[in-house]
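# Examining the three-dimensional arrangement
Chain by chain, the residues run as shown.
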Amino acid sequence: MMTIQDVLSVYAAMADLTEQMVQAASRSDWDALVLLEQRCAAHVQALREQEAQQPMTGAERERKIDLIRQMLNADRQIRDLTMPWMAQLSKLINSTGTERRVVTAYGSV
């Protein structure tokens, strides 16, 4: 089981990773974004498996809340940066699918 300080350290590491993810998304570095997301997911899994179920109080609780807010803010920024790219990718995929159906129906040009 993790101590409260261990838990806070993991949350801090996750907050740092999400900030790095924002930077990767702002550079359109999708490979780095995926790798950082995988590292963050590993921390989440560790918390699921090892976080003690003892409630935090006082400054520790406030620190955890602050770190979660930082991660949520970073997540919002990442979504704002990736949504236009995802829409463009979806459009490209749909266009390719339409082209493939036309070729299948009418043969190659």
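Just so it is clear, the structure is predicted and the values come from calculations on it, not from any experiment.

### Quick word on helix α1 (residues 4-26)
An ideal rise of 1.5 Å per residue puts 33 Å on 23 residues; α1 measures up with 33 Å between its terminal C-alpha atoms. Following α1 by one or two positions, S28 adopts a phi angle in the positive range, close to 60°.

### Quick notes on the confidence of the model for the protein
One rule of thumb: low pLDDT means the predicted coordinates there are not for detailed reading. Of the residues in the protein, 93% have a pLDDT of 70 or more, and the chain-wide mean is 89. Confidence, expressed as mean pLDDT per element, reaches its minimum in the protein at helix α3 (residues 58-106) with 85 and its maximum at α1 with 97.

### Things to note about the nonpolar core
Core analysis: the biggest nonpolar cluster contains 24 residues, and V7, Y11, M14, L33 and L47 have the highest contact counts within it. Looking at this core, the elements that each hand over two or more residues are α1, α2 (30-50) and α3. It is α1 that provides the largest number of residues to this core, a total of 12 residues.

### Section: the side chain of T18
Among the structural elements, T18 can be located in helix α1. The class of T18 is buried, set by a relative accessible area of 8%. Aside from chain neighbours lying at most four places away, what touches T18 is C40, M71, A74 and I78.

### A word on the pattern of salt bridges
With the rule as written, the count across this model stands at 4 salt bridges. Between D29 and R27 there is a salt bridge, with its nearest N and O atoms 3.5 Å apart. When its relative accessible area of 28% is taken as the criterion, D29 is described as partly exposed. Its salt-bridge partner being R79, residue D75 comes within 2.9 Å of it at the nearest N-O pair. Here the residue D75 and the residue R79 both occupy positions in helix α3, the gap between them amounting to 4 residues, near one helical turn.

Parameters at a glance
- Residues numbered from 1 in each chain as written.
- Predicted model: local features only at pLDDT ≥ 70, side-chain atom pairs only at ≥ 80, totals over all residues.
- Heavy atoms only, no water.
- Helix = DSSP H or I, 4+ residues; strand = E, 2+ residues; numbered from the N terminus.
- Expected span 1.5 Å × (residues − 1).
- pLDDT = per-residue confidence, 0-100.
- Core = buried A, V, L, I, M, F, W, Y, C linked by side-chain atoms within 4.5 Å.
- Buried < 20%, exposed > 50% of the residue type's maximum accessible area, 1.4 Å probe, protein only.
- Contact = heavy atoms within 4.5 Å.
- Salt bridge = Lys/Arg side-chain N within 4 Å of Asp/Glu carboxyl O.

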